[in-house]
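# Analysis of the macromolecular model
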Amino acid sequence: MGKVFIVIGVIFIIIGLIWGIFGKLPGDISFRKGNVSFHFPIMTSIIVSIILTVIFYVIGKFR
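About the thresholds
- Sequence order sets the numbering: in each chain, residues are counted from 1 along the sequence as written.
- With pLDDT at 70 or above as the cut-off, local features in this predicted model cover only qualifying residues; side-chain atom pairs require 80 or more to be listed or tallied, and sums for whole chains, interfaces and linings still use all residues.
- Side-chain descriptors were evaluated using all non-hydrogen atoms of the structure, hydrogens and water having been removed beforehand.
- Partly exposed residues are those whose accessible area sits between 20% and 50% of the maximum for their type, while under 20% is buried and over 50% is exposed, using a 1.4 Å probe and protein chains only.
- Under the scheme used here, helices are H or I runs from DSSP no shorter than 4 residues and strands are E runs no shorter than 2 residues, and both carry numbers assigned from the N terminus.
- At least two bridges found by DSSP between two strands is the condition for calling them paired.
- Any residue with an atom within 4 Å of a point lines the site, the site being either a cavity, points on a 1 Å grid over the protein atoms alone where a 1.4 Å probe fits but cannot get out, or a pocket, an open set with protein on both sides within 12 Å along at least 5 of 7 lines.
- Grid points are joined across faces, edges and corners, and a volume is the space filled by probe spheres set on the points.
- Residue polarity follows a fixed list, in which Ala, Val, Leu, Ile, Met, Phe, Trp, Tyr, Cys and Pro are nonpolar, Asp, Glu, Lys and Arg are charged, and the others, Gly among them, are polar.
- Any two residues whose heavy atoms approach within 4.5 Å at even a single point are treated as in contact.
- As used in this structure description, the phrase polar contact means that two N or O atoms lie within 3.5 Å; if the pair is within protein, one of them must be able to donate a hydrogen and the other to accept it, and residues adjacent in sequence are counted only when both atoms belong to side chains.

Right, let's talk about the pairing of strand β1 (residues 29-33) for a bit. Two faces belong to every sheet, and in a regular strand the side chains alternate between them. Counting buried positions along β1 yields zero of five residues, so the element is predominantly exposed. Pairing of β1 with strand β2 (residues 36-40) involves five bridges; the strand directions are antiparallel. Bridged to S30 within β2 is H39. Remark: two residues form the turn of the hairpin made by β1 and β2, two consecutive strands paired antiparallel; G34 in that turn has positive phi of roughly 65°.

Encoded structure:
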């Protein structure tokens, strides 16, 4: 069980590093008005979705 938590932690660290690179792509929507800000990362979400789809497809082929 401990090894599973270590693997999950490493995966989250890798995702965090990748998210820092892809965090603000063109196409992400950002609004600021006064002291209220709203950020909707639509392009980042699309890219993450495509990457996860490819990963799960490859994992599914090996099963």
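Here the narrative resumes, following the displayed structure.
Another point: the layout of surface pockets. For the largest pocket, the calculated volume is near 310 Å³. Breaking the lining of the largest pocket down by element, the ones donating at least two residues are α1 (2-22) and α2 (42-62). The leading source of residues in the lining of the largest pocket is α2, at seven residues. Its residues placed into classes, the lining of the largest pocket shows twelve nonpolar, one polar and no charged.

Moving on to the environment of S37. Mapped onto the elements, S37 comes out in strand β2. Filtering out sequence-adjacent residues up to four positions away, S37 remains in contact with F31 and R32.

Looking now at the side chain of D28. Looking at the secondary structure, you find D28 in the loop between α1 and β1. Of note is the side chain of D28, whose polar atom sits 3.5 Å from the backbone nitrogen of I42. For D28, the side chain forms a polar contact with the main-chain nitrogen of M43, separated by 3.2 Å.

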